[in-house]
Amino acid sequence: MDNIYKKRRANLATWMAQQGIGAIVLQDTEERRTPGIRYFTGHPGDAIFILAVDGSSVLCPWDEIMAEKMAHVDKIVPYTTFERQVVRAVSGLLKQLKVPEGSRVEIPSSIPYPLFLHFVDEMVGYNVVCREEGVDDFIDAMRSIKDSYEIDCIRKASAIT
């Protein structure tokens, strides 16, 4: 099971390298839902996920017990470590992944502009980008083409119904 998530993350990391992106940030919360975190990690709950261009990954879940049981990532760091502050969490996680300063870090296009400015202000060492037709669109395109695991799940669900 872990291999399917690694393969998906490797495909995304290849795209990131082509785009000159050092890391991407995905956030799944009540304010901004994204199925991308579950797609790349298997974790079904609220969390921040960061993937570095070298393929290393970290998940910062709200529910660390669920993440320990369900997530397939290199590292899990509880959200409470960063006092439940999203910008502080992203900055700290980038350092844990050893993403070099000066790297382009893409955050979701759904981030409101005032929060984007907060990221830019707090993450001075990084080139924070938030763009349409960026990582969100690439992830949507990846998810639209079903891999062998997804096809097997669809077949099993069809057999049950």
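Data block above holds the structure.
Just so you know, these numbers come straight off a predicted model, no measurement behind them.

## A look at the packing of helix α4 (residues 86–96) against helix α5 (residues 113–122)
Part 1: It is at 10 Å that the axes of α4 and α5 come closest, and there the two elements cross at 45°. As the angle between them shows, α4 and α5 are arranged oblique. Seen from above, α4 lies across α5 with right-handed handedness. Where α4 approaches α5, its residues Val86, Val87 and Val90 are matched on the opposing element by Leu115, His118, Phe119 and Glu122.

## Observations regarding unusual backbone geometry
Peptide bonds are trans in most cases, and residues, glycine excluded, mostly fall at negative phi.
Part 1: Here Glu83, not a glycine, exhibits a phi torsion of approximately 55°, which is positive.
Part 2: Examined against the element boundaries, Glu83 turns out to sit in the loop between β4 (75–76) and α4.
Part 3: With a phi close to 60°, Lys98 is a non-glycine residue in the positive phi region.
Part 4: Tracing the backbone shows Lys98 in the loop between α4 and β5 (104–106).

## A short note on helix α6 (residues 135–144)
Part 1: Turning to α6, its buried residues number three or more, namely Val135, Asp136, Ile139 and Met142. Seen end-on, α6 carries its buried residues on one side only, within an arc spanning 120°.

## Some remarks on the pattern of salt bridges
Part 1: Under the counting rule described, the total for this entry stands at six salt bridges.
Part 2: With its nearest N and O atoms 2.6 Å apart, the salt bridge here joins Glu83 to Arg88.
Part 3: One salt bridge in this structure joins Glu106 and Arg131, with 2.9 Å as the shortest N-O distance. Of this pair, Glu106 sits in strand β5 while Arg131 sits in the loop between β6 (127–129) and α6; the two residues are 25 residues apart in sequence, bridging distant segments of the chain.
Part 4: A residue is classified by how much of its surface remains accessible, and Arg131, at 23% relative accessible area, is partly exposed.
Part 5: What you see here is one network of salt bridges that share partners, running through Arg8, Asp147 and Glu150.

Calculation criteria
Residues numbered from 1 in each chain as written. Predicted model: local features only at pLDDT ≥ 70, side-chain atom pairs only at ≥ 80, totals over all residues. Heavy atoms only, no water. Axes fitted to C-alpha atoms, helices over the stretch in contact; angles between N-to-C directions. Helix = DSSP H or I, 4+ residues; strand = E, 2+ residues; numbered from the N terminus. Parallel < 35°, antiparallel > 145°, perpendicular 65-115°, else oblique. Left-handed = near helix turned anticlockwise from the far one by under 90°. Contact = heavy atoms within 4.5 Å. Buried < 20%, exposed > 50% of the residue type's maximum accessible area, 1.4 Å probe, protein only. Arc of directions from axis to C-beta. Salt bridge = Lys/Arg side-chain N within 4 Å of Asp/Glu carboxyl O.

Read these as layout, nothing more, since geometry by itself doesn't imply function.
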